Amino acid sequence: MNLDGAVVVITGAGSGIGAAMARRFAADGATVVVNDLDPVAAHHVAHEIGGRAFAGDASDADFAERLVAFAWGSLGRLDLFCANAGVPTAGTEAAPAADWDRAWRVNVLAHVHAARAALPRWLERERGRFLVTASAAGLLTMLGSAPYSVTKHAAVGFAEWLRVTYAHRGIVVQALCPQGVRTPMLSGTGPVGEMLLGQDAIGADEVAERVREALTGDRFLILPHPEVAGFYAGRAADPERWLGAMNRLQRKAEQAHPVPRQRTGDGVTS
């Protein structure tokens, strides 16, 4: 994909990986529509890169339709949609129902709504590219974050489904699966996330550069941390060994940061 002259929409682009991608793509000549739930952040990044701001909730189906229509109506086309918005929801199975619902809406349904809005025009043109920002947690797991792990697995699953369904019709689907990245989302994973991911965390600009490189081809998985490929292969080849190793990490995390007992909605303590 040649970014020079391309029209790109990026959700969750007011900060973190989304903002880094917006800056990198604009530097290569793309016109970027910067979406974020925070209108101030969206307008700040758009002003910085000479793009267009379109603030709003990417997890809302009607808004996703308006976002795609804005790109087509004001810029004449849409070449790349980066479904990047996400929330780092921590907790076990006992996390509040509202947290599970928010993770599902933002980490999964936002991608579904975006694809539903963009695909009809792309299929008519027989050309389009859809980038899902998932996480290494979607290929592996994230200790201490059940809603995040489950919904990021679903995000990868949806991206896979799109790829196998539409690849022969000119639609390129890719899944970005970084491990630790120095963004506000990493701090939202708490002390366990910092312990597991902080040491090898990379900057958002480096992630954006890896994405730019991946856009020149069409490989499905974009792995800014190359070691994730080995972990993913090991998980598939020997699930019992991998699960055992992850449980040892869980025990180590609990020793360093004792897990408080949680009370579920029905009053049962877990």
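Before reading further, recall that the structure is shown in the block above.
Residues numbered from 1 in each chain as written. Predicted model: local features only at pLDDT ≥ 70, side-chain atom pairs only at ≥ 80, totals over all residues. Heavy atoms only, no water.

Draft legend 1. Up close: the pairing of strand E5 (residues 128–133). Most of E5 is tucked away: six of the six residues are buried. Residues Gly128, Phe130 and Val132 point to one face of E5 and Arg129, Leu131 and Thr133 to the other, with burial holding for every one of them. Two elements, strand E4 (residues 80–83) and E5, share four bridges in a ladder whose sense is parallel. The residue bridging cysteine 82 from the neighbouring strand is leucine 131, located in E5. (Buried < 20%, exposed > 50% of the residue type's maximum accessible area, 1.4 Å probe, protein only. Helix = DSSP H or I, 4+ residues; strand = E, 2+ residues; numbered from the N terminus. Pairing = 2+ DSSP bridges.)

Draft legend 2. Summary view of the environment of glycine 51. Mapping glycine 51 onto the fold places it in the loop between helix H2 (39–49) and strand E3 (52–53). For the pair glycine 51 and threonine 31, spaced 20 residues apart in sequence, the C-alpha separation works out to 5.7 Å. Setting aside chain neighbours within four positions, we find glycine 51 in contact with Val32 and Ala46. (Contact = heavy atoms within 4.5 Å.)

Draft legend 3. Examining the packing of aromatic side chains more closely. What the rule picks out here adds up to five aromatic pairs. Between tryptophan 122 and phenylalanine 130, the ring centres sit 6.5 Å apart and the planes meet at 70 degrees, which makes this aromatic pair edge-to-face. Accessibility assignment for this pair places tryptophan 122 and phenylalanine 130 in one class, buried. Put simply, the rings of Phe54, Phe63 and Phe70 pair up and form one aromatic cluster. The side chain of arginine 235 reaches across the aromatic face of tryptophan 242, ending 5.5 Å from its centre. (Phe/Tyr/Trp six-rings, centres within 6.5 Å; stacked < 30°, edge-to-face > 60°. Lys NZ or Arg CZ within 6 Å of the ring centre and 35° of its normal.)

Draft legend 4. Looking closely at the packing of helix H4 (residues 97–125) against helix H5 (residues 146–166). The contact between H4 and H5 brings their axes to 8 Å, and the two run at 15 degrees. Between H4 and H5, the interaxial angle falls into the category roughly parallel. Considering only the axes of H4 and H5, their crossing is right-handed. Listed contacts from H5 to Trp100, Ala103, Trp104, Asn107, Val108, His111, Val112, Ala115, Leu119 and Leu123 of H4 are Ala146, Pro147, Tyr148, Val150, Thr151, Lys152, Ala154, Ala155, Phe158, Leu162 and Tyr166. Of the residues in the contact of H4 with H5, the class split is 17 nonpolar, three polar and one charged. (Axes fitted to C-alpha atoms, helices over the stretch in contact; angles between N-to-C directions. Parallel < 35°, antiparallel > 145°, perpendicular 65-115°, else oblique. Left-handed = near helix turned anticlockwise from the far one by under 90°. Nonpolar A, V, L, I, M, F, W, Y, C, P; charged D, E, K, R; others polar.)

Draft legend 5. The arrangement of the packing of helix H1 (residues 16–27) against helix H8 (residues 204–214) in detail. H8 packs onto H1 with a crossing angle of 55 degrees between their chain directions and a minimal axis gap of 8 Å. For the element pair H1 / H8, the angle class is oblique. Every pair of crossing elements has a handedness; the one defined by H1 and H8 is right-handed. Listed contacts from H8 to Gly16, Ile17, Ala20, Met21, Arg24 and Phe25 of H1 are Ala204, Asp205, Val207, Ala208, Glu209, Val211 and Arg212. Tallied by class, the residues present in the contact of H1 with H8 amount to eight nonpolar, one polar and four charged.

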